[in-house]
Amino acid sequence: MAKLPTMFSLRHLLVLSLALNVSLILRMVYESEEGNDSFCLKKTVMPSGVESNREGHIIHKSRLAISPASSFVNSTRTDHPGGRDRVINLDHGDPTMYERYWRRMGEKTTIIIPGWQSTSYFSDVTNICWFMEAEFEKEVVRLHRVVGNAVTESRHVVVGTGSSQLILAALYALSSPESDEPISVVSAAPYYSSYPSMADYQKSGLYKWAGDAESFEKNGPYIELVTSPNNPDGSERRSVVNRSQGLLIHDLAYYWPQYTPIASPSDHDLTLFTVSKSTGHAGMRIGWALVKDQEVAKKMTKFIELSTIGVSKDSQLRAAKVLKTVSDSCEQENSRDEESFFKYSYKIMEQRWKLLRAAVEGGGLFILPKFSPSFCTFFGQETESQPAFAWLKCEGDIEDCESFFRGHKILTRSGRQFGASPKYIRISMLDTDENFIQLIDRLSAIQQ
């Protein structure tokens, strides 16, 4: 991690004050947002170049610095009355945290699509994934090269309507229609809460959910879903069953440097990514798979053809522009007075996790997982995992953590939905600044 300056500044005193009395400070910050002349609001309307110079952002890629506490004020927030009486929904992983960055980018990610464009179903009939736009494929490969988180050589890129469609396409592609019974689908608990319903929703005769990979004992072929970093607990994962007839799908939606140290490029037979968590553009509904086997790529493409006759070209072109902007920000960081998308995102996530830990550790009701720092090849230094979700455990007599939080008007997702104890909940760390501040404020108040 970067060394902190020896000279104290307002932001360092704020961080210290937050650690001592999180509830009081965040309440002051939240209330100050309601005024038009607040310091925080003035900070958000300053030109980004001026803000960068005043805060002393370091240009070198391998250096990370803590952003000022005022950066939590979202310049795009809308006022909601009620304060602590308002319900805050942190059940979903809606990545609205990123909106402020993309507003700051302005015209850099704007595209104009003429009315005559995209009249054809086809993009490139010579490509296995014939509905994939060439520009999108190019920017996917480029981004993985810039970040160093996935091998793209000798891989087929398959675009999908989010990674959800790609998971179903992968299950279809890895299943055998000639089998006497559906192939078992497993994942180690706590697993992504949608895996069971995705596998069983259509009651397919090709595959069937078989539960926790740790307790899976059935002989024969199986498909194991490996999510790393894991949703919900942020841990690094590898396959568990490890038998000769096993087929693996690696869901690496969160294997990006703002969430976890990039140790090496992932090198698997079938790997899934999505723009919703990499750049925060969940509404685009774009994901992609890196597939080693040509026949598997063909079957995945066929599934998408049968279900949606391809993927929106407009969304692909928008996604290509966004991915290009991200790669440009990384490659040009040393030559321009601005930080890369991943450095910006890392600093926001770092600050949020510091505040969350300070609020939780101030009492004895809750426990958060701990992560050891490791070397990140992208940043060129040791960093810590700071997952997109907080996997929080309620201690003591609280048996149903989700109901307990709902009683405080905080909506979360119960550990039951992840194949775990109801003493656990998953909390989104990617919501708006306003909702995150409310979360910290309420956590502190609960434990007072």
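Residues numbered from 1 in each chain as written. Predicted model: local features only at pLDDT ≥ 70, side-chain atom pairs only at ≥ 80, totals over all residues. Heavy atoms only, no water.

Comments concerning the sheet that holds strand β8 (residues 287-291)
The strand order β2-β8-β7-β6-β5-β3-β4 describes an open sheet built from seven strands, whose pairing is mixed. Two strands in the sheet have a free side with no partner beyond their single neighbour: β2 (156-160) and β4 (207-212). Each neighbouring strand pair of the sheet contributes to a mean axis angle of 25°, computed without reference to strand direction. By the bridge criterion, five bridges tie β2 to β8 in an arrangement that is antiparallel. Bridging across to β8, G160 finds its partner in G287. (Pairing = 2+ DSSP bridges. Helix = DSSP H or I, 4+ residues; strand = E, 2+ residues; numbered from the N terminus. Axes fitted to C-alpha atoms, helices over the stretch in contact; angles between N-to-C directions.)

Details of the pairing of strand β3 (residues 183-187)
The buried fraction of β3 amounts to five of the five residues, a majority that puts the element mostly inside the structure. Side-chain alternation along β3 places I183, V185 and S187 on one buried face and S184 and V186 on a second face that is also buried. Both β3 and β4 contribute to a ladder of five bridges, which runs parallel. When the bridges of β4 are listed, V186 appears paired with G211. Alignment of β3 against strand β5 (residues 222-227), held across three bridges, turns out to be parallel. Following the sheet pairing, V185 is matched in β5 by I223. (Buried < 20%, exposed > 50% of the residue type's maximum accessible area, 1.4 Å probe, protein only.)

Quick look at helix α11 (residues 313-331)
The end-to-end C-alpha separation of α11 is 27 Å, in line with the 27 Å expected for 19 residues at 1.5 Å each. Of all 19 residues making up α11, 14 are buried, and the element is well covered by its neighbours. (Expected span 1.5 Å × (residues − 1).)

Notes on the state of the cysteines
A covalent bond between the sulfur atoms of two cysteines is what we call a disulfide. This structure, assessed with the given rule, holds one disulfide. Linked covalently through their sulfurs, C394 and C401 form a disulfide whose S-S length is 2.0 Å. Between C394 and C401, the disulfide has an S-S torsion of 55° and is therefore right-handed. Note on accessibility: C394 and C401 belong to one class, buried. (Disulfide = S-S within 2.5 Å.)

Details of the confidence of the model for the protein chain
Of all residues in the protein chain, 82% attain a pLDDT of 70 or more, and the chain-wide mean is 86. A low-confidence stretch, residues 1-16 (pLDDT under 50), is modelled with 17 contacts involving residues beyond four sequence positions or located in other chains. Here residues 22-79 is a poorly scored stretch, pLDDT under 50, and it has 120 contacts once near neighbours within four places are set aside; other chains count. (pLDDT = per-residue confidence, 0-100. Contact = heavy atoms within 4.5 Å.)

What about helix α10 (residues 294-308)?
Between its first and last C-alpha atoms α10 spans 21 Å; for 15 residues at 1.5 Å apiece the expected length is 21 Å, and the two agree. Looking at the packing, one finds that the buried side of α10 touches β2, α7 (162-174), β7 (270-274) and β8. The residue sitting at the N-terminus of α10 and contributing the capping side-chain oxygen is D293; that oxygen lies 2.9 Å from the backbone nitrogen of E295. I309, located one to two residues past α10, shows a positive phi value of around 50°. (Polar contact = N/O pair within 3.5 Å; in protein donor to acceptor, adjacent residues only side chain to side chain.)

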